[in-house]
Amino acid sequence: MGSFDAERARELVGDYANEMMTITIDTDASGLTIACAIKPELRAASDAEMPADLPAAGLGLLPGAGDEYIVTGGGLIGQRGFFTRDHTGTIIGVDLAGRLFTPVPHTAQTVPDTRAERSDAVASALGPATT
């Protein structure tokens, strides 16, 4: 599987969800990890006991130009999947066990702290001035 590529890992890290579960791709001291959790609202609405969430376990990227991976530890060991990209190269999905998970948008926004930062942010958003 090769050595850990921190730059490549940064673009993969995040939460991905479908109607039933959320998976979290993250990093630890040794490389990429994957954790899987049933959505809390589904767990709460179920009359039957549901399987336990799976804690973070190793995930290794497979060699080659694609974005294929294999789970290297934990309850999903040996499971393979892949990341899907759009035409710009942005990750738009993760396949795990034949199920598609899409990125969970981050709701936190950075708010400029000072008047100068706000002014710079507005100027940046408007683009270069024209005369």
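Residues numbered from 1 in each chain as written. Predicted model: local features only at pLDDT ≥ 70, side-chain atom pairs only at ≥ 80, totals over all residues. Heavy atoms only, no water.

## Considerations on the overall build of the protein
Per the secondary structure count, the protein includes three helices and eight strands. When the helices and strands of the protein are placed in sequence order, the string is α-β-β-β-α-β-β-β-β-β-α. Among the 131 residues that make up the protein, the fraction classed as buried is 27%. Of all intrachain contacts in the protein linking residues separated by at least 6 positions in sequence, the fraction that spans at least 24 positions is 29%. About 8,900 Å² of surface is accessible on the protein, with carbon and sulfur atoms providing 55% of the total. (Helix = DSSP H or I, 4+ residues; strand = E, 2+ residues; numbered from the N terminus. Buried < 20%, exposed > 50% of the residue type's maximum accessible area, 1.4 Å probe, protein only. Contact = heavy atoms within 4.5 Å. Areas by Shrake-Rupley, 256 points an atom, 1.4 Å probe, with all protein chains shown as cover.)

## Observations regarding the packing of aromatic side chains
For the structure shown, the criterion picks out two aromatic pairs. Centre to centre, the rings of tyrosine 16 and phenylalanine 83 are 6.4 Å apart; their planes meet at 65°, and the pair counts as edge-to-face. Residue tyrosine 16 is found in strand E1 (residues 14-17), and its partner phenylalanine 83 is found in strand E6 (residues 80-85); the two are separated by 67 residues along the sequence. For tyrosine 16, a relative accessible area of 4% translates into the label buried. Geometrically, the ring pair formed by tyrosine 69 and phenylalanine 83 is tilted, given 5.5 Å between the ring centres and 55° between the ring planes. (Phe/Tyr/Trp six-rings, centres within 6.5 Å; stacked < 30°, edge-to-face > 60°.)

## Structural notes on the confidence of the model for the protein
Across the protein, the average pLDDT comes to 83, with 79% of residues at 70 or higher. Contacts of residues 109-127 to residues separated by more than four positions or lying in other chains number four contacts, the stretch itself having pLDDT below 50. (pLDDT = per-residue confidence, 0-100.)

## Some remarks on the sheet that holds strand E8 (residues 99-103)
Taken together, eight strands build a closed barrel; the order of strands is E1-E2-E3-E4-E5-E6-E7-E8 and the barrel is antiparallel. Between one strand and the next, the sheet's axes are offset by a mean angle of 30°, whatever the strand orientation. Strand direction decides the pairing type here: strand E7 (residues 91-96) and E8, joined by three bridges, are antiparallel. Counterpart to leucine 96 in the pairing with E8 is arginine 99. (Pairing = 2+ DSSP bridges. Axes fitted to C-alpha atoms, helices over the stretch in contact; angles between N-to-C directions.)

## Describing the pattern of salt bridges
Inspection of the entire model under this criterion finds four salt bridges. The salt bridge partner of glutamate 11 is arginine 85, with a shortest N-O separation of 2.9 Å. Remark: arginine 85 occurs in strand E6 and glutamate 11 occurs in helix H1 (residues 6-12); sequence separation between them is 74 residues. A relative accessible area of 40% places glutamate 11 in the partly exposed class. Put simply, aspartate 67 and arginine 85 hold a salt bridge, and the shortest N to O gap is 2.4 Å. Taken together, the residues aspartate 67 in the loop between strand E4 (54-61) and strand E5 (68-71) and arginine 85 in strand E6 connect sequence positions 18 residues apart. Given a relative accessible area of 11%, aspartate 67 falls into the buried group. What emerges from the salt-bridge pattern is a single network uniting Arg8, Glu11, Asp67 and Arg85. (Salt bridge = Lys/Arg side-chain N within 4 Å of Asp/Glu carboxyl O.)

## Quick look at unusual backbone geometry
Backbone geometry follows two general trends: most residues other than glycine have a negative phi, and most peptide bonds adopt the trans configuration. In this model, alanine 97 sits at a positive phi of 55°, which is unusual for a non-glycine residue. Classification of alanine 97 as partly exposed rests on a relative accessible area of 36%.

## Focus on the nonpolar core
Ranked by size, the top nonpolar core spans 17 residues in total, and within it Tyr16, Ile23, Ile25, Ile34, Tyr69 and Phe83 carry the most contacts. Put simply, the parts of the chain that give this core at least two residues each are H1, strand E2 (21-28), strand E3 (31-38), E4, E5 and E7. Among residues more than four places away in sequence, those in contact with tyrosine 16 are Glu11, Met21, Thr22, Ile23, Ile25, Phe83, Ile91, Val94, Phe101, Thr102, Pro103 and Val104. (Core = buried A, V, L, I, M, F, W, Y, C linked by side-chain atoms within 4.5 Å.)

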